[in-house]
Amino acid sequence: MKGLQSVLLLVVSNCFMFFAWYGNLKFQSLPAFSKLSLPVIILLSWMVAGLEYCFMIPANRIGYVGNGGPFNLWQLKVIQEALSLAIFTILTLICFRNEHLSINHLIGFALLLLAVFFLFKE
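Residues numbered from 1 in each chain as written. Predicted model: local features only at pLDDT ≥ 70, side-chain atom pairs only at ≥ 80, totals over all residues. Heavy atoms only, no water.

Trainee: Just to check I follow, could you spell out the environment of L76 for this structure?
Mentor: Here L76 shows up in helix 4 (residues 73-95). Sequence-wise, L76 and S13 are 63 residues apart; in three dimensions their C-alpha atoms are separated by 13 Å. With residues near it in sequence (within four places) discarded, L76 still touches S6, A59, N60, G63, Y64 and F71. (Helix = DSSP H or I, 4+ residues; strand = E, 2+ residues; numbered from the N terminus. Contact = heavy atoms within 4.5 Å.)

Trainee: Can you walk me through a nonpolar patch on the surface in this structure?
Mentor: Together, L93, L101, I103, L106, I107, L111, L114, F117 and F118 make up an exposed nonpolar region whose accessible area comes to about 880 Å². Per-element tally for the nonpolar patch: the top contributor is helix 5 (residues 103-120), with seven residues. Looking at the element boundaries, F118 is found in helix 5. Its relative accessible area of 54% is what places F118 among the exposed residues. (Patch = residues over 30% accessible without salt bridge, like charges linked within 9 Å, V, L, I, M, F, W, Y side chains within 5 Å. Areas by Shrake-Rupley, 256 points an atom, 1.4 Å probe, with all protein chains shown as cover. Salt bridge = Lys/Arg side-chain N within 4 Å of Asp/Glu carboxyl O. Buried < 20%, exposed > 50% of the residue type's maximum accessible area, 1.4 Å probe, protein only.)

Trainee: What am I meant to see in the packing of aromatic side chains here?
Mentor: In this description, an aromatic ring pair is defined by two values, namely the gap between the centres and the angle between the planes. Per the stated rule, a full pass over the model turns up nine aromatic pairs. When the ring of F18 is compared with that of F19, the centres are 5.2 Å apart and the planes differ by 90 degrees; the resulting orientation is edge-to-face. You can call F18 buried: its relative accessible area is 4%. Among the residues examined, F19 registers a relative accessible area of 30% and is labelled partly exposed. Plain terms: the ring middles of W21 and Y22 are 6.1 Å apart, the flat faces sit at 75 degrees to each other, and that makes the pair edge-to-face. Residue class for W21 comes out exposed when judged on its relative accessible area of 54%. (Phe/Tyr/Trp six-rings, centres within 6.5 Å; stacked < 30°, edge-to-face > 60°.)

Trainee: Looking at this structure, how should I read the nonpolar core?
Mentor: Inside soluble globular proteins, nonpolar side chains tend to come together where they are buried. Of all hydrophobic cores here, the largest spans eight residues; its members are L9, L10, M56, A59, F71, L76, I79 and L83. Those elements that place two or more of their residues in this core are helix 1 (2-27), helix 3 (38-63) and helix 4. Ranked by residues supplied to this core, first place goes to helix 4 with three residues. Here M56 is in contact with L10, S13 and Q80, once residues within four sequence places are set aside. In this structure, F18, L91, C95 and F96 belong to the second largest nonpolar core, which totals five residues. (Core = buried A, V, L, I, M, F, W, Y, C linked by side-chain atoms within 4.5 Å.)

Trainee: Just to check I follow, could you spell out the environment of L113 for this structure?
Mentor: Here L113 lies in helix 5. Of the residues examined, L113 reaches a relative accessible area of 56% and is grouped as exposed. Residues L113 and I57, 56 residues apart in the sequence, show an inter-C-alpha distance of 24 Å.

Trainee: Help me understand helix 1, please; the structure alone is not making it clear to me.
Mentor: What sets the pattern is the α-helix's 3.6 residues per turn: residues three or four places apart point alike. For helix 1, spanning 26 residues, the distance from its first C-alpha to its last is 36 Å, which sits close to the expected 38 Å at 1.5 Å a residue. The sharpest bend along helix 1 measures roughly 55 degrees and falls at W21. Buried within helix 1 we find G3, S6, L9, L10, S13, N14, M17, F18, A20 and G23. Buried residues along helix 1 sit against helix 3 and helix 4. (Expected span 1.5 Å × (residues − 1). Bend = angle between axes of the 7 residues up to and from the residue.)

Okay, here's the thing in structure tokens:
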């Protein structure tokens, strides 16, 4: 159960991080947003990233084997990276219609999934 909680919190965390990092690119065409200075954009992004930490930190604490969770640090990190890539891909295809997924991307994703496999292999 702790493993599932940890993964779900990581999913939410990565959704916030996607918008903290790339939301400014999506919303730059809006009139009100395009008038904001770069320091204001950075501040807004950090505010969103702060929400990301509200999910990332509990995910790591709940999931960590030292706190009764099922994952060691290596596993937590590779889960987070794999989820980050999956969520990035899904949200990019939804939010940025001009970006396209290619076979090279899929091959790279497959290699990352192999990394997940090997980190969980005893």
